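# Survey of secondary and tertiary structure
Here are the chains, one letter per residue:
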Amino acid sequence: MLTANELALLEAIRDSGSLSRAAAKLGRAPSSVSHAARQLEERFDALLFDRRRYRLQLTPAGHILAEEAARLMLDVSRLTQRVKQVASGWEDRLHIVSDEILEFELMAPLIHAFDRLNSGVSLRLTHEVLGGTWEALREGRADLIVGATNEPQSMPNLQWAELGAMEWVFAVSPRHPLARLKPPLRQDQIKQHRAVVVADTSRTSAARGYGRVGGQAVLAVPSMRAKILAQREGLGVGWLPRHRVASLLARGDLVEKAIETPREPNLLYLAWRGGHEGRALQWWLEQLRQPTMAAALMRGIDVGD
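Residues numbered from 1 in each chain as written. Predicted model: local features only at pLDDT ≥ 70, side-chain atom pairs only at ≥ 80, totals over all residues. Heavy atoms only, no water.

### Topic: helix α1 (residues 4-16)
Taking 1.5 Å per residue as the helical rise, α1 with its 13 residues ought to reach 18 Å, and the 18 Å between its terminal C-alpha atoms agrees with that figure. Among all positions of α1, only Leu7, Leu9, Leu10, Ala12, Ile13 and Ser16 are buried. (Helix = DSSP H or I, 4+ residues; strand = E, 2+ residues; numbered from the N terminus. Expected span 1.5 Å × (residues − 1). Buried < 20%, exposed > 50% of the residue type's maximum accessible area, 1.4 Å probe, protein only.)

### As for the pattern of salt bridges
Evaluated as defined, the whole model comprises 14 salt bridges. In this structure, the salt-bridge partner of arginine 141 is glutamate 135, at a minimum N-O distance of 3.5 Å. On the accessibility criterion, glutamate 135 (0% relative accessible area) is buried. Salt-bridge contacts for glutamate 139 lead to arginine 141; the nearest nitrogen and oxygen are separated by 3.2 Å. Exposure remark for glutamate 139: the relative accessible area of 39% places this residue in the partly exposed category. (Salt bridge = Lys/Arg side-chain N within 4 Å of Asp/Glu carboxyl O.)

### Regarding the side chain of glutamine 216
Locating glutamine 216 in the fold gives a position in the loop between β8 (195-198) and β9 (218-221). Note on glutamine 216: relative accessible area 4%, which makes it buried. Polar contacts involving the side chain of glutamine 216 include one to the main-chain carbonyl oxygen of isoleucine 190, which spans 3.2 Å. Among the polar contacts made by the side chain of glutamine 216, one reaches the main-chain carbonyl oxygen of histidine 193 at a distance of 2.7 Å. (Polar contact = N/O pair within 3.5 Å; in protein donor to acceptor, adjacent residues only side chain to side chain.)

### Some words on the packing of helix α2 (residues 19-26) against helix α3 (residues 30-44)
At their nearest, the axes of α2 and α3 sit 8 Å apart, and the two run at 105 degrees to each other. When the interaxial angle is binned, α2 and α3 end up roughly perpendicular. Residues Leu19, Ala23 and Leu26 of α2 pack against Pro30, Val33 and Ser34 of α3. Its residues placed into classes, the contact of α2 with α3 shows five nonpolar, one polar and no charged. (Axes fitted to C-alpha atoms, helices over the stretch in contact; angles between N-to-C directions. Parallel < 35°, antiparallel > 145°, perpendicular 65-115°, else oblique. Contact = heavy atoms within 4.5 Å. Nonpolar A, V, L, I, M, F, W, Y, C, P; charged D, E, K, R; others polar.)

Take a look at the structure:
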């Protein structure tokens, strides 16, 4: 490992190509710089400076030493910063997993605000669906999950808070056969037509899907937006977040149908592991639990806008 002065010497000689100019750049006497260069060569037992030409240049070994030493010093600087960061209560990194139904665009303002804290915490945001969201927390792939559905699961040190309630509407394309039937629709009528569901990303438990009737044919799609578009195209039926399809309902691109057994609003949750609440996790929990932010996440982005 080189000292900062030794690295500065290598860079000054590489950039100036002259012992005198390197000395002037460093604010040192040429004899002092020449002596330091010889000491460096003795230390590494290698020829680091090519003195045969008019310009003083680094040898290939000198170039490698300068480049690798600069990289190592940067790594050490970063490590030092990370140690100070963690010692002051900030995490090294924070992995947030949201349910896919919550659009990334709604989280972007929070990322901007978090960046302004200059905490040094590395953020990673990914998404899962249904059981996959809880699974990410249970398996240690998430420090915080946002928008998890169903009741909080049993796991060690689980902490959770309600994020809000999401309202649903049973909607079909105006061209779909169910659009012509008199409401309220019965389960046996719905069962005759394919349901569109967002595929559960759970890796270890049985996949689940909301709003299916037993034995009903299923089209599984990768996202809520894809589900909305599939139902708009008449590819199937099912429950959709009311606020995210408000414009499509208003324009008649989707038709709301009353059902014999209506669906209650879903509670969505924030969850994390207790005992590891660093400053970054605390900040995100505080922001996400603000009533205006929670309401925006529940309302979401209107696909028809």
